Amino acid sequence: MRTEWTPEDLPGKAFYTLLTAVVVPRPIAWVSTRSSSGVDNLAPHSFFTVACTEPPIVQFTSVGRKDSLRNAEATGEFVVNLAPEPLQREVNATGTPYPPGTSEFDAVGVAREASRAVRPPRVAGSPAVLECALHSTVPLEGCTLVLGRVVHAAVDESALVDGHPEIGRLRPLARLGRDEWSAIGEVSELRRLPYRP
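Residues numbered from 1 in each chain as written. Predicted model: local features only at pLDDT ≥ 70, side-chain atom pairs only at ≥ 80, totals over all residues. Heavy atoms only, no water.

(A) Representation of the sheet that holds strand S9 (residues 128-140) within the structure. Reading across the sheet, the seven strands line up as S3-S2-S6-S9-S10-S5-S4 and stay open at both edges, with antiparallel pairing between neighbours. The sheet is open, and its two borders are formed by strand S3 (40-45) and strand S4 (48-52), each paired with just one other strand. This sheet shows a mean twist of 35° between the axes of neighbouring strands, independent of strand direction. Direction of pairing for S9 relative to strand S10 (residues 143-155): antiparallel, over a ladder of 12 bridges. Within S10, the residue paired with Pro 139 across the bridge is Thr 144. Here helix H2 (residues 67-75) sits on the sheet in contact with strand S2 (29-34), S3, strand S5 (57-63), strand S6 (77-82), S9 and S10, set at roughly 50° to S2. (Pairing = 2+ DSSP bridges. Helix = DSSP H or I, 4+ residues; strand = E, 2+ residues; numbered from the N terminus. Axes fitted to C-alpha atoms, helices over the stretch in contact; angles between N-to-C directions. Contact = heavy atoms within 4.5 Å.)

Right under this line is the structure:
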């Protein structure tokens, strides 16, 4: 037996809360942007994934019109920083709704480093970063899908094994339901099966 709902059964944020408890784990795009006036913004977005392989495009969703969205639209650039387990408290703190014009880098004490191909800074403590040029945005009622073409990627050498990022060294965080978070636990390998008629 199952409990069943429609979006009309759970008004307001209740269905959103259900969705975020079921669509798990969700990787976190720790998005850094720079406003047109030069203020650096940093915020976690847990609606995040790869959207296209050629050209390489990633996507995140802004729930409401957040600074990440406004800055990316104004400047055409953003950086996706991998949110690592050792910086969980900082990742969470940058989700605080600071007033516009406040730099979360400064308010939370997150170290920056210069990007190679875009103006917004990287998170110095992130083991992997994707520098992006804004491809497009798609308005979806109260949310906006943000698509960015990856123009430069960088991974700390300490997180590489044979030149490839290794999950145990990246230690990415994920969001679950409510105030729940997750880190990488047991990892198994299972190769895809080729079709054999």
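(B) Molecular detail of a nonpolar patch on the surface. There is a patch of nonpolar side chains on the surface, built from Leu 19, Val 22 and Val 23 and spanning about 280 Å² of accessible area. Looking at the element boundaries, Val 22 is found in helix H1 (residues 14-22). For Val 22, a relative accessible area of 60% translates into the label exposed. (Patch = residues over 30% accessible without salt bridge, like charges linked within 9 Å, V, L, I, M, F, W, Y side chains within 5 Å. Areas by Shrake-Rupley, 256 points an atom, 1.4 Å probe, with all protein chains shown as cover. Salt bridge = Lys/Arg side-chain N within 4 Å of Asp/Glu carboxyl O. Buried < 20%, exposed > 50% of the residue type's maximum accessible area, 1.4 Å probe, protein only.)

(C) Examining the packing of aromatic side chains more closely. Per the counting criterion, the structure on display carries two aromatic pairs. Centre to centre, the rings of Phe 60 and Phe 78 are 5.3 Å apart; their planes meet at 80°, and the pair counts as edge-to-face. Of this pair, Phe 60 sits in strand S5 while Phe 78 sits in strand S6; the two residues are 18 residues apart in sequence, bridging distant segments of the chain. Judged by its relative accessible area of 0%, Phe 78 falls in the buried class. (Phe/Tyr/Trp six-rings, centres within 6.5 Å; stacked < 30°, edge-to-face > 60°.)

(D) Examining the side chain of Glu 77 more closely. Within the secondary structure layout, Glu 77 lies in strand S6. Residue class for Glu 77 comes out buried when judged on its relative accessible area of 13%. For Glu 77, the side chain forms a polar contact with the main-chain nitrogen of Arg 119, separated by 2.9 Å. (Polar contact = N/O pair within 3.5 Å; in protein donor to acceptor, adjacent residues only side chain to side chain.)

(E) Region of interest: the pairing of S5. Most of S5 is tucked away: five of the seven residues are buried. Where S5 meets S10, seven bridges bridge the pair, whose relative direction is antiparallel. Residue pairing across strands places Ile 57 opposite Arg 149, the latter belonging to S10.

(F) Expanded view of the sheet that holds strand S14 (residues 181-182). The antiparallel open sheet is built from three strands, whose spatial order is S1-S13-S14. Pairing within the sheet leaves two strands with one partner each, and these edge strands are strand S1 (26-27) and S14. Across two bridges, strand S13 (residues 174-175) lies against S14 in antiparallel orientation. Along S14, the bridge assignment pairs Ala 174 with Ser 182.

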